[in-house]
Amino acid sequence: MNHRLPCKSLGSLLIIVLSLTGCTELTYQRMNDPSRDVWQKPQGVVGKLSIAPGSRVADLGSGGGYFTWHLSKAVGSRGTVYAVDIEESAINMIFKEMVARGTPNVRPVRAEPHDPKLPEPVDLVFSCNVYHDMNNRIDYFRSLASSLRPGGRVAILDYHPRGFLSGMFGHRTAKEEVRREMEAAGYRLLDDYDVVDSQHFQIFAKADR
Ligand SMILES: C[S@@+](CC[C@H](N)C(=O)[O-])C[C@H]1O[C@@H](n2cnc3c(N)ncnc32)[C@H](O)[C@@H]1O
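What counts, and where the lines are drawn
- Residues numbered from 1 in each chain as written.
- Predicted model: local features only at pLDDT ≥ 70, side-chain atom pairs only at ≥ 80, totals over all residues.
- Heavy atoms only, no water.
- Near = heavy atom within 4 Å.
- Polar contact = N/O pair within 3.5 Å; in protein donor to acceptor, adjacent residues only side chain to side chain.
- Areas by Shrake-Rupley, 256 points an atom, 1.4 Å probe, with all protein chains shown as cover.
- Nonpolar A, V, L, I, M, F, W, Y, C, P; charged D, E, K, R; others polar.
- Phe/Tyr/Trp six-rings, centres within 6.5 Å; stacked < 30°, edge-to-face > 60°.
- Helix = DSSP H or I, 4+ residues; strand = E, 2+ residues; numbered from the N terminus.
- Buried < 20%, exposed > 50% of the residue type's maximum accessible area, 1.4 Å probe, protein only.

## A closer look at the site of the ligand
The local shell around the ligand holds 17 residues, among which Y28, R36, G61, D85 and C128 are the closest. Residue R36 places a side-chain N or O atom 2.7 Å away from an oxygen atom belonging to the ligand. Considering the ligand on its own, with 600 Å² of exposed area, one finds that the protein chains cover 97% of that surface. For the shell around the ligand, the class distribution of residues is 9 nonpolar, 5 polar and 3 charged.

## Concerning the packing of aromatic side chains
With the rule as written, the count across this model stands at 6 aromatic pairs. Centroid distance Y131 to F141: 5.7 Å. Interplanar angle 25°. Geometry classified as stacked. Here F141 lies in helix α7 (residues 137-144) and Y131 lies in the loop between β4 (122-128) and α7, a separation of 10 residues in the sequence. F141 shares its class with Y131; the two are buried.

## Some points on the side chain of S35
Along the chain, the position of S35 falls in the loop between α2 (25-31) and α3 (37-40). Accessibility expressed as a relative area gives 10% for S35, which makes it buried. Only 2.7 Å separates the side chain of S35 from the side chain of D33, close enough to count as a polar contact.

Laid out in structure tokens, this is it:
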């Protein structure tokens, strides 16, 4: 079956609709469809993260690992990517893909909604299309600061609140809201990129350094 999507707006719309119906492995397979690359520009996004080889990165809300495999390449064989998700179906898919792709530097982590359960501090927490789903975000990111290594950063991509469906179902967060909440959680804005038309992309560091 051909899962390719004809255009970027239909692709992002389908991902929003699939997220609304709960995340099964089929949902994650659709999110991982290579046609997503056209609008999601994963190389452009990961390039802006300036990841040093050997880094430890958490893909928070990894889903089926759409970004995990790009991050795995960026950290290289000496680095580690923690694919963190609260859904068992996501973790199962990560395990399957790890075997299929042969990516020994990826470690799946089954998280709790209030706790990423990271086994060690990381250099970067990356999160795409998850922020709008999270509860008590200020408390969450305030406590996440203890899971960052010195100089650690948090990168957040989420959908702009545009369009009928995303507006109606709330699967988006305004850029300014993310920034305000992250500042309240003890972070400062480092970078604000415009790589993906439908999503904002901000990188934060702890404010006290
Ligand atoms: C829409 S999917 C995005 C998946 C992936 N980041 C991507 O861009 O393809 C959102 C994912 O975030 C996960 N999620 C939601 N809240 C979470 C939390 N508090 N901690 C970790 N994962 C979470 C969901 O289970 C789901 O797999």
